[in-house]
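What the coordinates show
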Amino acid sequence: MKAILITKEDDVYETNLTDISEDQLPEGNVTVKVDYSTLNYKDGLAITGKSPVVRKFPLVPGIDLAGTVETSSHADYKAGDQVVLNGWGVGEVHSGGLAEKARVNGDWLVPLPDAFTPKQAMAIGTAGYTSMLCVMALEQQGVTPDKGEILVTGAAGGVGSVAISILAKLGYTVIASTGRPNEAEYLKSLGASDIIDRAELSSPGRPLGKERWAGAVDTVGSHTLANICAGIKYGGAIAACGLAQGMDLPASVAPFILRGIILNGVDSVYCPRNKRMQAWARLATDLDISHIELITNEISLSEAIPAAKELLEGNIRGRTVVNVNA
Ligand code: NDP
């Protein structure tokens, strides 16, 4: 079967489209015939080797997959069941979705929600499911639509695009921060009310600034996140999930101790199963399904390696679905 395979021998890191046999798949109690996978930022890092995301070699990347169970000795799944997988170290330490088949632990799977086709579920993927977790975090911290505007950073990327769509459908006023002003119309079509240039937030700033936003979904980290903290209104909250600018956080405690703001970290990889199920159920109701098409671009498995480089260079808009059988 066809697969993307990452190898590292004598410190030489290589990613190739190749043929592998089922014997090369790792241990697991469910074998899935994959219909679609996706490209997330983390897949870009894995495929290019730009960050040490992959910690076991050889490995099939792909932190997401949607497909049909082929064989199963797991009590919850039988042949023919349609399933989705996001995270759990798949595509990092256990071979993942960028192949025609995957063998995984059944505990990592969730049933494909009735609302979505496998392709739509992958258009959402880890990025979209993380957006939902971010919105749920803001809700949990009491950020309701009447409190004020919500900032979404990395707006034209995968997490950002889906977050805008969900927030707008829920009645929030969304401000999109992007480095791609030419995507303003796209961002507005997803529900953004206004656009700001990400350069406004990316340099070192003051510890405390004007109170601008009731909440934020931040995919960028570094100075951007520090400046967001400084601009969050009294009692507001930030759902922080990403590091597209950097992993550092050069911030001050001022907004925390003077305005009582909350910095809520969001992790999708080891998020417990009940919260995942809740997030997927919420996506079925709170994401405008017509936006999925607008957000998504489909590629074949053979296009995944060059597309990963483009993704890291910030040249890909929204979500990229990979048809592993094309
Ligand atoms: P994408 O590559 O699709 O989007 C990232 C976006 O970030 C880009 O489109 C760009 O948006 C913006 N960006 C890129 N470089 C910079 C920079 N130097 N400074 C400021 N903004 C920048 O990635 P995803 O949406 O898939 O992921 C976004 C982030 O969230 C990543 O860091 C990823 O690792 C993280 N993530 C974390 C998860 C978790 O579980 N915590 C799960 C999923 C993702 P624009 O062009 O609009 O400026």
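These numbers come from a predicted model, not from an experiment. (Residues numbered from 1 in each chain as written. Predicted model: local features only at pLDDT ≥ 70, side-chain atom pairs only at ≥ 80, totals over all residues. Heavy atoms only, no water.)

1. Considering the domain arrangement of the protein chain
In many reports, interface size means the accessible area that the parts give up when they come together. Taken domain by domain, the protein chain holds domain 1 (2-115 + 292-323) and domain 2 (126-265). Counting the surface lost from both domain 1 and domain 2, the interface buries some 1100 Å², and carbon and sulfur atoms represent 59% of this. Area buried by domain 1 at its contact with domain 2 is led by Leu294, Ile295 and Arg317, which between them contribute 42% of it. For the pair domain 1 and domain 2, the number of links is one salt bridge. Measuring nitrogen to oxygen at the nearest pair gives 3.0 Å for the salt bridge that ties arginine 317 to glutamate 183. At the boundary of domain 1 with domain 2, the tally comes to six residue pairs in polar contact (both at pLDDT 80 or more). Looking at the side of domain 1 that touches domain 2 residue by residue, the class counts come to five nonpolar, six polar and three charged. (Domains from an automatic or database assignment. Buried area = accessible area lost by both parts, 1.4 Å probe. Salt bridge = Lys/Arg side-chain N within 4 Å of Asp/Glu carboxyl O. Polar contact = N/O pair within 3.5 Å; in protein donor to acceptor, adjacent residues only side chain to side chain. Nonpolar A, V, L, I, M, F, W, Y, C, P; charged D, E, K, R; others polar.)

2. So, the site of the ligand
Among the 24 residues in the neighbourhood of the ligand, the closest are listed as Val159, Thr178, Gly179, Arg180 and Ser268. Separating an oxygen atom of the ligand from a backbone N or O atom of glycine 179 is a distance of 2.7 Å. The contact in question runs from an oxygen atom of the ligand to an N or O atom on the side chain of serine 268, over 2.7 Å. For the ligand, the protein covers 87% of the area, taking 920 Å² as the surface of the free molecule. Where the shell around the ligand is concerned, the elements lending two or more residues are α2 (118-140) and α3 (158-169). A breakdown of the residues in the shell around the ligand according to their chemical character gives 10 nonpolar, 11 polar and three charged. (Near = heavy atom within 4 Å. Areas by Shrake-Rupley, 256 points an atom, 1.4 Å probe, with all protein chains shown as cover. Helix = DSSP H or I, 4+ residues; strand = E, 2+ residues; numbered from the N terminus.)

3. Quick look at the sheet that holds strand β12 (residues 232-240)
In spatial order, the strands read β10-β9-β8-β11-β12-β13; together these six strands make up an open sheet with parallel pairing. Where the open sheet ends on each side, the last strands, each with one partner, are β10 (192-197) and β13 (262-265). Strand-to-strand twist of the sheet, defined as the mean angle between neighbouring strand axes without regard to direction, takes the value 20 degrees. Of the pairings in the sheet, the one linking strand β11 (residues 213-218) to β12 comprises five bridges and is parallel in character. (Pairing = 2+ DSSP bridges. Axes fitted to C-alpha atoms, helices over the stretch in contact; angles between N-to-C directions.)

4. Focus: the nonpolar core
Looking at soluble globular proteins, one finds that nonpolar side chains tend to be buried together. Formed by 48 residues in total, the largest nonpolar core has its most connected members in Val84, Ile164, Leu167, Leu187, Trp280 and Leu283. By residue number, the principal contributor to this core is α2, which donates 12 residues. In terms of domain composition, this core takes at least three residues from each of domain 1 (2-115 + 292-323) and domain 2 (126-265). If sequence neighbours within four positions are ignored, leucine 187 has contacts with Ala155, Ala156, Ile164, Ala176, Thr178, Ala192 and Ile195. One finds Val34, Leu65, Ala304 and Ile305 within the second-largest nonpolar core, a separate group that totals 34 residues. (Core = buried A, V, L, I, M, F, W, Y, C linked by side-chain atoms within 4.5 Å. Buried < 20%, exposed > 50% of the residue type's maximum accessible area, 1.4 Å probe, protein only. Contact = heavy atoms within 4.5 Å.)

5. Some words on the pairing of strand β2 (residues 12-19)
Of the strand pairs in this sheet, strand β1 (residues 2-9) and β2 are connected by eight bridges, and their pairing is antiparallel. Residue pairing across strands places threonine 7 opposite glutamate 14, the latter belonging to β2.

6. Looking at the pattern of salt bridges
One pass over the structure, following the stated rule, counts 13 salt bridges. A salt bridge links glutamate 200 to arginine 212; the nearest nitrogen and oxygen atoms lie 2.9 Å apart. Of the two residues, glutamate 200 is situated in the loop between β10 and β11 and arginine 212 in the loop between β10 and β11; the sequence distance between them amounts to 12 residues. Exposure remark for glutamate 200: the relative accessible area of 46% places this residue in the partly exposed category. A relative accessible area of 32% means that arginine 212 is categorised as partly exposed. Taking the shortest distance from any N to any O, the salt bridge between arginine 282 and aspartate 286 comes out at 2.4 Å. With arginine 282 and aspartate 286 both in helix α7 (residues 273-286), this residue pair falls four residues apart, about one helical turn.

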